[in-house]
Amino acid sequence: MNRFKQCVYTVILLATCLVASPFIYKQIWNSSKEKTKTEKLPPIEVNMPTMAATQAGTAPGGETSTDAQQTTGPDGATAATGETAPGQTEAETAAADTGFEYVQSDPSYFDDALFIGDSRTEGLRLYGTLKNADYFSDKGLAAYKMDSASVNGQTLAEVLKAKKYGKVYVMLGINEVGNNFDYTVKAFNSTIDTIRQAQPDAIIYIMANLHVTTAAQNSTISNERINYLNASFSQLADYKTIFYIDVNPVFDDGDGALRSDATNDGVHVFGNYYETWCNWLCMHTVKK
């Protein structure tokens, strides 16, 4: 009798597997297809002036980085950022192409500056040398949160209303790089509009988001996505009142990723490198 029951149960189990297997296989197949989907990013040209000084700076190891970045034009040709015409200095080329040149300033240049950003900007506040600047920075801060975010009990609108600033630095995006790009760019543009309305005379610096290390990349955060977001933000720069600056070459390795020896978590640079970052900022200022 027990043997008979075993046979019956075996037949029922086999029948169940045969009936259910097509549904199970379909579910596994759909899940597999979903995981392999990647978002194709349309090309965006980085809006930066032709000037090697925008890419030069002191790297964590002490060496100077002058690697030129390439951008793709409408006709598909590539031009290296930082190229100078024969007989021209870098500063002369910048002046001819964009009508301005970056100049060296001392830390007092930032006494009337406001820095807006996430935990990387918070690192500038804590470990950097620009102590007289104001900071609206917090871990996890993102462009889409700017209308409601509060730092030290104040919203961005309240901070912008309380004091006149000569310069406003903005770096946002790493916490939303995995979100829909159009939504993120729209939120970032709105933040820039809010700053301009509240501070009509201020110079606005859009700071490129720092890269992450190769090992820190995943399906959500990658340097490809960071570059795409940075390029989107750079389109707001007119190099008259809004400037786009990119410190990444100071901290990047040869593959365009954050140097592994400059970070502990693959995302934030070590505390002592914020001084290097501040020195770079002093080298890339604009006088009205």
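Reading the values: rules and limits
Here the residue index of a chain counts from 1 through its sequence in written order. At least 70 in pLDDT is required for a residue's local features to be given in this predicted model, at least 80 for side-chain atom pairs to be given and counted, and no such filter applies to totals for whole chains, interfaces and linings, which use all residues. Only heavy atoms go into the side-chain values, all of them from the structure, while hydrogens and water stay out. Nine residue types can take part in a nonpolar core, namely buried Ala, Val, Leu, Ile, Met, Phe, Trp, Tyr and Cys, and a core is a set of them joined through side-chain atoms within 4.5 Å. Any residue under 20% of the maximum accessible area for its type is buried, any over 50% is exposed, and the rest in between are partly exposed; the area is computed with a 1.4 Å probe on protein chains only. The numbering of helices and of strands both runs from the N terminus, where a helix is a DSSP run of H or I of at least 4 residues and a strand a run of E of at least 2. Residue contacts are defined here by distance: any two heavy atoms, one from each residue, within 4.5 Å place the two residues in contact. In this description, strands pair whenever DSSP reports at least two bridges between them. Axes, fitted as lines to C-alpha atoms, cover a helix only where it is in contact. Angles between the N-to-C directions of the axes lie from 0 to 180 degrees. What pLDDT reports is the predictor's confidence in each residue, on a scale of 0 through 100. Two aromatic rings, drawn from Phe, Tyr or Trp (for Trp, its six-membered ring), form a pair once their centres lie within 6.5 Å of each other, and the interplanar angle then sorts them: stacked below 30 degrees, edge-to-face above 60, tilted otherwise. Any Lys NZ or Arg CZ that is within 6 Å of a ring centre and within 35 degrees of that ring's normal is treated as a charge sitting over the ring.

So what exactly am I meant to see when it comes to the nonpolar core here?
Nonpolar side chains tend to gather and get buried jointly when the protein is soluble and globular. Among the nonpolar cores identified, the biggest contains 68 residues, and F110, F115, Y169, W277 and L281 are the most heavily contacted of them. It is helix α8 (residues 273-283) that contributes the most residues to this core, seven residues altogether. The contacts of W277, once residues within four sequence positions are left out, are R120, L124, M171, M207, L210, V247 and F251.

Looking at this structure, I do not really get the sheet that holds strand β9 (residues 167-171). What am I missing?
Remark on secondary structure: sheet strands pair via backbone hydrogen bonds, oriented parallel or antiparallel. Taken together, five strands build an open sheet; the order of strands is β6-β5-β9-β10-β11 and the sheet is parallel. In this open sheet, the two strands that pair with only one neighbour each are β6 (134-137) and β11 (242-245). The sheet shows a mean angle of 20° between the axes of neighbouring strands, direction not considered. Of the strand pairs in this sheet, β9 and strand β10 (residues 203-207) are connected by four bridges, and their pairing is parallel. Note on β10: the bridge partner recorded for V170 is I206. Its contacts with the sheet put helix α3 (residues 119-127) on β5 (113-117), β6, β9 and β10, and the angle it makes with β6 is roughly 150°. Against the sheet, helix α5 (residues 181-198) contacts β5, β9, β10 and β11, and its axis sits at roughly 160° relative to β10.

Mind showing me how you'd approach the confidence of the model for the protein chain here?
Caution applies to low-pLDDT regions: their predicted coordinates should not be interpreted in detail. Of the residues in the protein chain, 66% reach a pLDDT of 70 or more, and the chain-wide mean stands at 79. Counting contacts from residues 28-38, a segment whose pLDDT is below 50, to residues more than four positions away or on other chains yields zero contacts. Note on residues 50-96: pLDDT is under 50 here. Beyond four places in sequence and across chains, it has 89 contacts.

Which parts of the structure should I look at to understand the packing of aromatic side chains?
In the structure shown here, the tally under the stated rule is 16 aromatic pairs. Residues Y169 and Y205 carry aromatic rings whose centres are separated by 4.3 Å and whose planes lie at 5° to one another, so their mutual orientation is stacked. Taken as a pair, Y169 in strand β9 and Y205 in strand β10 lie far apart in primary sequence, 36 residues in all. Here Y169 matches Y205 in class, with each residue buried. Members of the aromatic cluster, connected to one another through ring pairs, are Y109, F110, F115, Y135, Y169, Y205, Y239 and F243. The ring of Y109 is capped by K167, whose NZ or CZ atom sits 4.0 Å from the centre of that ring.

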